[in-house]
Amino acid sequence: MTKNVPEVLTIAGTDSGGGAGMMADIKTMQMCHVFATGVVTGVTAQNTLGVQAALPLPTAIIDQQFQSVANDFTIQAVKTGALFDQERVACVAENLRKYHFGPLVVDPVMVAKGGAKLLTDAAITTLVQELLPLADVITPNLPEAQVIVNRQLTTEADIWRACTDIQAMGAKNVVIKGGHLTHQVNHDFVLLANGRQLTLTGDWVNTRRTHGTGDTFSSLVVSQLAKGQELVDTLQTAKTFLNTILQDEIIVGHGHGPLNHWGAEHTNVQI
Ligand SMILES: Nc1ncnc2c1ncn2[C@@H]1O[C@H](COP(=O)(O)OP(=O)(O)O)[C@@H](O)[C@H]1O
Ligand SMILES: Cc1ncc(COP(=O)(O)O)c(N)n1
């Protein structure tokens, strides 16, 4: 028996601890039954306790990976994760303008859960000017959204205004993730391309095993889009998937443990 499967691409850094970055992306994509390809932007020595070292890769090998993927695969949707610095952001933006990989989800990864920077301050302007206008969906968490709009976001009204401002910078659909909002409320704020606002709601899960939540969320979105799911349904699926797996913890590592990507198996989460 032969069959076609949707092909997707993640452009991200690796995590030796297996819980975040490209590792979380590929695990999520595998659970969604899409074929994952990957352009590695940099390597991190990382575990659930933190990031011990990071090495951005030379742009020549990043360019070459793009070419290898583009020459052989039919990519139906693509996401970006950790891009490290200005040079890597510019390189990735240039390649994304050159090749057509379908809908682009930009996860503007800036800081790992343990506090280590995964994007230099100097790269933020480049990200906003070069990558953000290419994004079909952008998924900043609250601290990342604050950096992009360059102000504190305290109230829900502040967050909605930030969605509007980020959309005005060129991203078509904006999702500000509320995982950092408070330890009781857990809403994500969505401003769709047509101007419609949507709140993704879910129960707060009391756990410290949240390593890779953002990567998993954006990978879910990419995978479901590649399968042809509508964006609104895709975002709701991603939210439900996260909520379900956060409640089904696995004991791995000694810090902010990784998610259990098997956690939605045998549930009614449709992926
Ligand atoms: N403790 C939690 N309980 C329920 N949902 C959570 C929790 N932490 C994160 N999420 C959800 O996971 C997704 C990723 O969000 P977030 O953790 O803010 O991203 P990031 O990893 O980029 O910081 C969002 O849908 C968010 O609401
Ligand atoms: C290589 C890499 N990419 C992304 C993240 C963000 O992970 P988190 O979702 O835990 O903030 C990470 N820790 N490492």
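Residues numbered from 1 in each chain as written. Chains lettered and ligands numbered in written order. Predicted model: local features only at pLDDT ≥ 70, side-chain atom pairs only at ≥ 80, totals over all residues.

Asks: Sorry if this is basic, but what is going on with the site of ligand 1 here?
Replies: The immediate surroundings of ligand 1 are formed by 19 residues, with Asn141, Lys177, Gly179, Val205 and Gly214 found nearest. Where the shell around ligand 1 is concerned, the elements lending two or more residues are helix H7 (213–226) and helix H8 (231–246). Among the elements that make up the shell around ligand 1, the one with the highest residue count is H8 (four residues). In terms of residue class, the shell around ligand 1 is made up of five nonpolar, eleven polar and three charged. (Near = placed C-beta within 6 Å. Helix = DSSP H or I, 4+ residues; strand = E, 2+ residues; numbered from the N terminus. Nonpolar A, V, L, I, M, F, W, Y, C, P; charged D, E, K, R; others polar.)

Asks: Before we go on, may I ask you to explain the nonpolar core in this structure?
Replies: A general feature of soluble globular proteins is that nonpolar side chains tend to end up buried together. In terms of nonpolar packing, the biggest core is built from 76 residues, with Ile166 and Val221 touching the most fellow members. Those residues in contact with Ile166 that lie beyond four places of it in its chain are Ile138, Ala145, Ile148, Val149, Ala171 and Val174. (Core = buried A, V, L, I, M, F, W, Y, C linked by C-beta atoms within 7 Å. Buried ≥ 20, exposed ≤ 12 C-beta atoms within 10 Å, placed from the backbone. Contact = placed C-beta atoms within 7 Å.)

Asks: Please explain the pairing of strand E3 (residues 50–56) as it appears in this structure.
Replies: Looking along a regular strand, one sees the side chains alternate between the two faces of the sheet. Two strands pair when backbone bridges link them, and strand E2 (residues 35–47) and E3 are joined in this way by six bridges, in the antiparallel orientation. Following the sheet pairing, Asn47 is matched in E3 by Gly50. Turn length for the E2-E3 hairpin, with the two strands adjacent in sequence and antiparallel, is two residues. (Pairing = 2+ DSSP bridges.)

Asks: Whenever I open this one, the packing of helix H2 (residues 59–72) against helix H3 (residues 86–98) confuses me. Can you help?
Replies: Where H2 contacts H3, the axes come no closer than 10 Å and their chain directions differ by 25°. If you check the angle between H2 and H3, you find them roughly parallel. Crossing of H2 over H3 shows right-handed handedness. Touching Thr59, Ile62, Asp63 and Phe66 of H2 are Glu87, Arg88, Cys91 and Asn95, all from H3. (Axes fitted to C-alpha atoms, helices over the stretch in contact; angles between N-to-C directions. Parallel < 35°, antiparallel > 145°, perpendicular 65-115°, else oblique. Left-handed = near helix turned anticlockwise from the far one by under 90°.)

Asks: Would you mind going over the confidence of the model for the protein with me for this structure?
Replies: When pLDDT is low, close inspection of the predicted coordinates is not appropriate. Chain-level statistics for the protein give a pLDDT mean of 96 and a share of 99% at 70 or above. Predicted complex, confidence summary: ipTM 0.98, pTM 0.98. (pLDDT = per-residue confidence, 0-100.)

Asks: How should the site of ligand 2 be read in this particular structure?
Replies: Around ligand 2 sit 18 residues in total, of which Gly13, Ala20, Gly21, Ala82 and Ala112 are the nearest. Sorting the residues of the shell around ligand 2 by element identifies strand E1 (7–15), E2 and H7 as the ones contributing at least two each. Among the residues making up the shell around ligand 2, the classes are represented as six nonpolar, nine polar and three charged.

Asks: It is not clear to me how the sheet that holds strand E5 (residues 104–106) should be interpreted in this structure. Could you clarify?
Replies: Two modes of strand pairing occur in sheets, parallel and antiparallel, and in both the strands are linked by backbone hydrogen bonds. Pairing is mixed in the open sheet, where nine strands are placed in the order E3-E2-E1-E4-E5-E6-E7-E8-E9. The open sheet has two edge strands with one neighbour each: E3 and strand E9 (197–200). When strand E4 (residues 75–80) meets E5, the two strands line up parallel, connected through three bridges. Its bridge partner lying in E5, Val78 is registered against Leu104. Lying on the sheet, helix H1 (residues 21–31) is in contact with E1 and E2; it crosses E1 at an angle near 150°. Across the face of the sheet, H7 comes into contact with E1, E4, E5 and strand E6 (137–138) while running at roughly 165° to E4.

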